[in-house]
Amino acid sequence: MEFEKKVLSREIQQYLYESGLTLGTAESCTGGRIAEAIISVPGASAYFKGGIISYTNDVKENVLGVDSRLLEEKTAVCEEVAIAMVKGALNTLNVDFAISTTGVAGPGGGTHDIPVGTIWIACGNKDNIVTMKLEEDYGRDINLAIATSKALQLFLKYMEDNKDLFEEKD
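Residues numbered from 1 in each chain as written. Predicted model: local features only at pLDDT ≥ 70, side-chain atom pairs only at ≥ 80, totals over all residues. Heavy atoms only, no water.

The name given to the chain in an unreviewed UniProt entry is CinA family protein, with Leyella lascolaii as the source organism.

Right, dumping it as structure tokens:
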């Protein structure tokens, strides 16, 4: 899986390196793994500004600006929070694009409504954010590895679907 993450990160680099556009992350359950994958490619400093590990609701609220009522009503593991985390990273890190993750990696922490293995991924820009939900539990380490790869894949697909955003401007 490490090789796959490096390949995905290199493909992401091909879109961002010369575009002048920037990327940041807001990671909860993945704890910086997405940022680590992105910076594994030499030259990432040209487009990757940084990441926020928002492992607690306090950091989601105070650093990323996620609404406390949303966290209370829906919990941190929902599509709306993943979207809010992208918006918060866009603003806090002053980047063009952001990737976020929030979920229950396990082995504990799951509930009947939100079982272990439930992870929401979001990515996009201020005008368009896409999401993905993971729902399988393969154990903590594999859950986190899958979430990291799926986040990179989702962002790569987002870039492929929005190629016009990356064309050089005259």
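Caption draft 1: Focus on the packing of helix α1 (residues 2–16) against helix α6 (residues 140–161). Orientation of α1 relative to α6, taken along the N-to-C sense of each, is 25°, at an axis distance of 10 Å. Classified by the angle between their axes, α1 and α6 sit roughly parallel to one another. The hand of the α1/α6 crossing is left-handed. On α6, the residues that touch Glu-4, Lys-5, Leu-8, Ser-9, Glu-11, Ile-12, Tyr-15 and Leu-16 of α1 are Ala-145, Thr-148, Ser-149, Leu-152, Gln-153, Phe-155, Leu-156, Met-159 and Glu-160. Residue classes in the contact of α1 with α6 are distributed as nine nonpolar, four polar and four charged. (Axes fitted to C-alpha atoms, helices over the stretch in contact; angles between N-to-C directions. Helix = DSSP H or I, 4+ residues; strand = E, 2+ residues; numbered from the N terminus. Parallel < 35°, antiparallel > 145°, perpendicular 65-115°, else oblique. Left-handed = near helix turned anticlockwise from the far one by under 90°. Contact = heavy atoms within 4.5 Å. Nonpolar A, V, L, I, M, F, W, Y, C, P; charged D, E, K, R; others polar.)

Caption draft 2: Structural view of unusual backbone geometry. The omega torsion of the bond from Gly-106 to Pro-107 falls at 5°, within 30 degrees of zero and hence cis. Relative to the elements of secondary structure, Pro-107 occurs in the loop between β3 (97–103) and β4 (119–125). Its identity is not glycine, yet Thr-75 carries a phi of approximately 75°, on the positive side. With respect to the helices and strands, Thr-75 occurs in the loop between α4 (68–74) and α5 (79–92). Even without glycine at this site, Asn-94 takes up a positive phi of about 55°. Among the residues examined, Asn-94 registers a relative accessible area of 58% and is labelled exposed. (Buried < 20%, exposed > 50% of the residue type's maximum accessible area, 1.4 Å probe, protein only.)

Caption draft 3: Representation of the sheet that holds β4. One open sheet accounts for five strands, arranged β2-β1-β3-β4-β5; its pairing is mixed. Single-partner strands in this sheet number two, and they are β2 (48–53) and β5 (128–134). Averaged over all pairs of adjacent strands, the angle between their axes in this sheet comes to 10°, without regard to strand direction. Where β4 lies against β5, seven bridges are found, and the strand directions are antiparallel. Along β5, the bridge assignment pairs Ile-119 with Leu-134. Each of β1 (23–27), β2, β3, β4 and β5 is contacted by α5, which is oriented at about 140° to β3, the strand it contacts most. (Pairing = 2+ DSSP bridges.)

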